[in-house]
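Chain by chain, the residues run as shown.
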Amino acid sequence: MGKKSVGSSNSTNATSNRNGNSNSNNCTVSQKNDNKKIAKEIKSLVLWKSPLKTLKYAGLEVLFLLKTNMNRLLHQRALLMAILVLLCGVVVAIYTPGHHQQLIDAIKTKGFFIVYWLGLGVLSSVGLGTGLHTFLLYLGPHIASVTLAAYECSSLDFPEPPYPNEILCPDDNGTKNLIIPSLWSIMTKVRYEAFLWGAGTALGELPPYFMAKAARLSGNNTEEFENLQELEKLQKRKEKGEKIGLFDKGKLMMEDIVERVGFFGILLCASIPNPLFDLAGITCGHFMVPFWKFFGATLIGKAVIKMHIQKIFVIISFNENLVDKFIDILAVIPLVGVRLQKPFKGFFESQKQRLHRNNHKQSVNPPQGNILASVFEYFVFIMICYFIISIINTFAQSCCKRMRKQHGSGSSSSTSNDVVSNKKES
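Not measured: the values here are computed from a predicted model.

Notes on the UniProt feature "transmembrane region" (unreviewed entry) in the protein chain
And step 1. In the numbering used here, UniProt assigns the feature "transmembrane region" (unreviewed entry) to residues 78–95, 115–139, 257–273 and 375–396.
And step 2. Secondary structure across residues 78–95 comprises 100% helix and 0% strand; the distance between its end C-alpha atoms is 26 Å.
And step 3. Helix makes up 100% of residues 375–396 and strand 0%, whereas the separation of the span's terminal C-alpha atoms amounts to 31 Å.

Here it is, written out as structure tokens:
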């Protein structure tokens, strides 16, 4: 009887273990299916599919970020007091009359110049939505305008003000200041704007680095390691001999260069136009690369090397001789070539007339109905709208993701408690 009871108890334990294993397997399969459904739901949360829901989640995310950052600031009372004292001192200095107002005016003009170009650089790479392509919209056209003005005015001594907000040829006081503009002289003229924009792009690469580093130190394997988990999956697929797309190969190559080469690998990746550089910041943060090693290589690569490459490309492209040849080549295009020549000629002629307003002491109105200028204005407007829409979509998706994770962690803890209680009962 004793042996039979022992055998029956062993058989019941085995069957209970099998049931437990089958239940756990079913739970993992259902959890994977739920994760896929949640991922699809998050990706479908965009303005053009569900505008009201997207705006609601984006508003909740903004409130959540404001609340968390305010709580962090309130906990650091010394920093808060220092900021308040500094703001009060600045306000008093601005509104108190005295000889220091000349210094305040100089700081205002130079400070706005610095903040403007740094901010455009940060917007280009900070990772909000798709990123605003501020080089194509602002810095590139500015360098092109300086290049065209240098050839038209035969000088780089533009009156300040209105430069750099507006470019005008200097007064005609003889030919002693007239020069033949060179590539180096034009690069020197726009060096401050270009360097500040490049430094802003380097600053915009810091959030992924700090997030990955903080997640590694805290042991939190959530959002910041999703990109690393994706890289691990791609590495396994590559080892198995599966086909990998060109974009995925670029991700693996980026991680490999940064991890093996170190400072010069980061410098190389930052010195070329690289949409995958966020992965370099995440990789460096994950592997605890020192801050100045990462930021120093990024700053040199983006603000010095890459900016010189981009400046040279724009200046050569808008050389006066090349522009004239480009307009002549347009006539070769069948059917539409001659029609395209007219708006391009009108655009460049209007730009040249605007450069000589200082000499004529009157405003020269550009030709009416210039198609090229209107197309560029619409292009800038569409790019800014798309940037704002992408930010709203990103905020909404991050809010939905965070709420789903909170809900999922609560449900997973309850299911684990149920499994433990079932085992105890068995």
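What follows picks up the thread again.
Focus on the nonpolar core
As a rule of thumb, nonpolar side chains are buried together in soluble globular proteins.
And step 1. Grouped together as the largest cluster of nonpolar side chains are 25 residues, with contacts concentrated most on Leu139, Val146 and Phe158.
And step 2. Secondary structure elements with two or more residues in this core: helix H4 (101–125), helix H5 (134–153), helix H6 (183–189), helix H7 (191–204) and helix H13 (291–317).
And step 3. Tallying contributions element by element places H5 first for this core, with nine residues.
And step 4. Other than its neighbours up to four places away in sequence, Phe158 contacts Val146, Ala149, Ala150, Cys153, Tyr163, Ile167, Leu168 and Lys189.
And step 5. Within the second largest apolar cluster, 15 residues are counted, among which are Ala202, Tyr209, Ile266 and Ala297.

Details of the packing of H4 against H5
And step 1. Orientation of H4 relative to H5, taken along the N-to-C sense of each, is 145 degrees, at an axis distance of 9 Å. The crossing of H4 and H5 is left-handed. Only Thr134, Tyr138, Leu139 and His142 of H5 make contact with H4, whose side of the interface consists of Tyr116, Trp117, Leu120, Gly121, Leu123 and Ser124.
And step 2. Class assignment for the residues of the contact of H4 with H5 results in six nonpolar, four polar and no charged.

Section: helix H12 (residues 277–286)
And step 1. The element H12 is extensively covered by neighbouring structure, given that nine of its ten residues are classed as buried.
And step 2. Two residues or fewer past H12, Met288 is found with a positive phi of approximately 60 degrees.

What to know about the state of the cysteines
And step 1. For the coordinates displayed, the defined rule picks out one disulfide.
And step 2. Unpaired in terms of disulfides, Cys400 finds its nearest cysteine sulfur in Cys399, a separation of 7.3 Å.

Thoughts on H13
And step 1. Look at H13: 37 Å from first C-alpha to last across 27 residues, which is about the 39 Å you get at 1.5 Å a residue.
And step 2. A maximum bend of about 35 degrees is found in H13 at Met307.

Definitions and cut-offs
Residues numbered from 1 in each chain as written. Predicted model: local features only at pLDDT ≥ 70, side-chain atom pairs only at ≥ 80, totals over all residues. Heavy atoms only, no water. UniProt positions renumbered as here; feature names shortened; annotations may be inferred. Helix = DSSP H or I, 4+ residues; strand = E, 2+ residues; numbered from the N terminus. Core = buried A, V, L, I, M, F, W, Y, C linked by side-chain atoms within 4.5 Å. Buried < 20%, exposed > 50% of the residue type's maximum accessible area, 1.4 Å probe, protein only. Contact = heavy atoms within 4.5 Å. Axes fitted to C-alpha atoms, helices over the stretch in contact; angles between N-to-C directions. Left-handed = near helix turned anticlockwise from the far one by under 90°. Nonpolar A, V, L, I, M, F, W, Y, C, P; charged D, E, K, R; others polar. Disulfide = S-S within 2.5 Å. Expected span 1.5 Å × (residues − 1). Bend = angle between axes of the 7 residues up to and from the residue.

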